[in-house]
Amino acid sequence: MITKKNSLLFKTLSNIIFFSVFILLFLWLIQVVFYNLFYEKYTIRRLDNIKKTIEKAKDEELATILENIAYEDNICIEVTDGYASVGYNLRTKACALGKNYDFITKIKRDVYSGAYGRYIINNKELANKSLLYGIKKNNNFIFIYSSLEDVNTTSNVLRSQLIYITIIVIIFAIGIAYFISKRITKPILKMTNSAKKLGEGDYRVVFEKTGITEMDDLANTLNAATSELNKKNEIRNDLVANVSHDFKTPLTMIKAYAEMVKDFSYKDTKKRNENIDVIIKETDRLNTLVNDILDLKKLEQSKEILNIEKYDIINEIKEIINKFNYLKKDGYFISYEGPDKLLIEADKSKLNQVVYNLINNALNYTGKDKKVVVKVTKNKNDSLIEIVDTGKGIDTEELKYIWEKYYRSGKKHQRNEIGTGLGLSIVKEILVRHNFNYGVQSTKGKGSTFYFNIKNVK
Ligand code: ADP
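Residues numbered from 1 in each chain as written. Predicted model: local features only at pLDDT ≥ 70, side-chain atom pairs only at ≥ 80, totals over all residues. Heavy atoms only, no water.

Student: Any chance you could explain the overall build of the protein chain here in plain terms?
Tutor: Secondary structure summary: the protein chain contains eleven helices and twelve strands in total. The globule rule puts the C-alpha radius of gyration for 458 residues at 23 Å, and the 50 Å found for the protein chain is more than 25% above it. Counting only C-alpha atoms and orienting by the principal axes, one finds that the protein chain spans roughly 160 × 55 × 40 Å. Expressed as a percentage of its 458 residues, the buried residues of the protein chain come to 37%. Of the side-chain charges in the protein chain, 72 are positive and 56 negative, and the distance between the mean point of each set is 2 Å. (Helix = DSSP H or I, 4+ residues; strand = E, 2+ residues; numbered from the N terminus. Rg over C-alpha atoms; globule rule 2.2 N^0.38 Å. Buried < 20%, exposed > 50% of the residue type's maximum accessible area, 1.4 Å probe, protein only. Lys, Arg positive; Asp, Glu negative; His and termini not counted. Charge placed at Lys NZ, Arg CZ, Asp CG, Glu CD.)

Student: Please clarify how the packing of aromatic side chains should be interpreted in this entry.
Tutor: The geometry of an aromatic ring pair is captured by the separation of the ring centres together with the interplanar angle, meaning the angle of the planes. Counted by the stated rule, this structure contains seven aromatic pairs. Taking 5.0 Å as the distance between ring centres and 25° as the angle between the ring planes, the aromatic pair formed by Phe324 and Tyr356 counts as stacked. Placement of Phe324 in the loop between helix 8 (313-323) and strand 7 (333-337) and of Tyr356 in helix 9 (residues 348-365) is noted, with a sequence separation of 32 residues between them. The class of Phe324 is buried, set by a relative accessible area of 4%. Joined through ring pairs, the aromatic side chains of Tyr112, Tyr116, Phe141 and Phe143 make up one cluster. Sitting above the plane of the Phe141 ring, Lys136 keeps its charged end 5.4 Å from the centroid. The ring of Tyr332 has Lys370 sitting right over it, with the charged end atom 5.1 Å from the ring centre. (Phe/Tyr/Trp six-rings, centres within 6.5 Å; stacked < 30°, edge-to-face > 60°. Lys NZ or Arg CZ within 6 Å of the ring centre and 35° of its normal.)

Student: Is there a simple way to explain the packing of helix 2 (residues 35-56) against helix 3 (residues 59-72) in this structure?
Tutor: A packed helix pair is summarised by two numbers, namely the angle formed by the two axes and the spacing between the axes. The contact between helix 2 and helix 3 brings their axes to 10 Å, and the two run at 165°. When the axes of helix 2 and helix 3 are compared, the pair comes out roughly antiparallel. Our pair here, helix 2 against helix 3, has a crossing hand that is right-handed. Facing Ile50, Thr53 and Ile54 of helix 2, the residues of helix 3 in contact are Leu62, Ile65, Leu66 and Ile69. Residues that form the contact of helix 2 with helix 3 fall into these classes: six nonpolar, one polar and no charged. (Axes fitted to C-alpha atoms, helices over the stretch in contact; angles between N-to-C directions. Parallel < 35°, antiparallel > 145°, perpendicular 65-115°, else oblique. Left-handed = near helix turned anticlockwise from the far one by under 90°. Contact = heavy atoms within 4.5 Å. Nonpolar A, V, L, I, M, F, W, Y, C, P; charged D, E, K, R; others polar.)

Student: Explanation requested: the nonpolar core in the structure shown.
Tutor: One broad trend across soluble globular proteins is that nonpolar side chains are buried collectively. Residues Ile313, Leu351, Ile359 and Phe452 are the most contacted members of the largest nonpolar core, which totals 41 residues. Among the secondary structure elements, those contributing two or more residues to this core are helix 7 (269-300), helix 8, strand 8 (343-347), helix 9, strand 9 (371-378), strand 10 (382-389), helix 11 (423-434) and strand 12 (447-455). Apart from the residues within four sequence positions on either side, Phe452 is in contact with Leu351, Val354, Val355, Leu358, Ser383, Leu384, Ile385, Leu431, Asn437 and Tyr438. With 19 residues, the next largest nonpolar core counts Leu47, Ile54, Leu131 and Leu148 among its residues. (Core = buried A, V, L, I, M, F, W, Y, C linked by side-chain atoms within 4.5 Å.)

Student: Sorry if this is basic, but what is going on with the pairing of strand 11 (residues 438-443) here?
Tutor: Each regular strand displays side chains that alternate between the two surfaces of the sheet. Sheet topology places strand 11 next to strand 12; six bridges connect them, and they run antiparallel. Along strand 12, the bridge assignment pairs Gln441 with Thr449. Joining the antiparallel neighbours strand 11 and strand 12 is a turn of three residues, in which Gly445 adopts a positive phi near 85°. (Pairing = 2+ DSSP bridges.)

Student: How should the pattern of salt bridges be read in this particular structure?
Tutor: It is possible for side chains bearing opposite charge to pair when their charged atoms get close. Taken as a whole and assessed by the stated rule, the structure comprises twelve salt bridges. Between Asp48 and Arg118 there is a salt bridge, with the nearest N and O atoms lying 3.2 Å from each other. One end of the pair, Asp48, is in helix 2; the other, Arg118, is in strand 3 (residues 117-121), with 70 residues separating them in the sequence. Judged by its relative accessible area of 24%, Asp48 falls in the partly exposed class. For Arg118, a relative accessible area of 43% puts it in the partly exposed group. In this structure, Lys444 engages Asp395 in a salt bridge whose closest nitrogen and oxygen atoms are separated by 2.9 Å. (Salt bridge = Lys/Arg side-chain N within 4 Å of Asp/Glu carboxyl O.)

Student: What am I meant to see in the side chain of Glu282 here?
Tutor: By secondary structure assignment, the location of Glu282 is in helix 7. No salt bridge forms around the buried Glu282; measuring N to O, its nearest opposite-charge neighbour Arg285 is 4.2 Å away. Excluding anything up to four places from it in sequence, Glu282 contacts Pro250, Met253 and Ile254.

Student: Explain the packing of helix 8 against helix 9 here, please?
Tutor: At a minimum axis separation of 10 Å, helix 8 and helix 9 run at an interaxial angle of 45°. By the angle between their directions, the pair helix 8 and helix 9 is classed as oblique. For helix 8 against helix 9, the interelement crossing comes out right-handed. Listed contacts from helix 9 to Ile313, Glu316, Ile317, Ile320, Ile321 and Lys323 of helix 8 are Lys348, Leu351, Asn352, Val355, Tyr356 and Ile359.

Student: How do you make sense of the side chain of His434 when you look at a structure like this?
Tutor: You can see His434 is positioned in helix 11. The exposure class assigned to His434 is buried, which follows from its relative accessible area of 9%. Looking at His434, its side chain comes within polar contact range of the main-chain nitrogen of Asp347, at 2.9 Å. Each residue touching His434, except ones within four places of it in the same chain, is listed here: Leu306, Ile308, Ala346, Asp347, Lys350 and Leu351. (Polar contact = N/O pair within 3.5 Å; in protein donor to acceptor, adjacent residues only side chain to side chain.)

Structure (structure tokens):
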């Protein structure tokens, strides 16, 4: 990863180096190429200002001002009446004014004859380009002189300094890029390894915290996803066990009872009928199981479109309750509380299945009193259908899984029936299709209330 062109190290490195080179080039350009230009302009501006100060100065102040300029600005000054110098201030080094250069004498002569102003001297005899100003003040002439001396020396120094700076910056850039990318790639590599393990089916893998906020967020999300996958995987594993078990039990019973009929009871009508009843009951169970699986599959694959019609749901609820009459002999009791009529719009047979599954579950899981209540409450805009039992309730952490396919809690049923683990997934699928709000409220030790809301028909 580190040597690849698309690696983080390579990208960080190239970006940082690109940025450094850009800054360095800019510095080179400013310091080396434009320096002379800047310096010259700056010196000219400075001398222009000095010239103005001298011109404006009152006579009595002039001597002091000249003195100050000479000292503070390191400038060479000569005051002359046109024939002889009346004052010098030639203490600065490299002052050409006091020396009898022809070109200086020529400029001076020009100034005496009225050509005041700025002269740029570029003469071989002088080491550097120089500036000379001729100013007329009262009856005197004032010359100010400055050489543009250090420009070349300075830019040479700068140039060699910049070479060192460039080398140091490049070394630092490589170091920083390496450090940054290591700091980021290390946790990424760790996460990639964990993700690989996850991909291989190790759901116990933990994505470790790195100390980088964005990475930690990613680690948290991946950990949450892993735990969800783990749970789903457990459910899927249970499914195989559950489904095979669910098929095996009735099949074993059917086989055993069929053999019993064949070997012993085929002549004894009463015994034979009893045995055949068991076979029929077990066949029914198998049928229910297969139907549940098929129903869910069909629903999930959207093969069935809802057949919405207007009907009285209370009538249907009552009929469904009657279907469970056969349980009365075992002490089960279902009561209904609510209006006598409630028109709704839904897929009748599918919604009947919802009510049936919820009542069936309530009976399966209700408490020792074996009571189940179906409650219908008509509100302003919608109606609430509740199926209440008095069972042990459902654990809070289990609540979010009960709607999953094949999820079955390990607890024993009150009724001696084994569910398919599909009932609630079918309920959920149908209610979601109808866009009906649904849910469950459960209190441990007190019981559960499964509910859904249906919009009122106008
Ligand atoms: P099952 O065939 O196991 O009843 P369901 O999908 O109908 O499958 O329900 C899934 C699980 O939800 C059940 O195994 C049970 O743990 C829980 N459950 C469903 N209804 C109730 C209820 N009325 N009281 C307590 N637990 C319930």
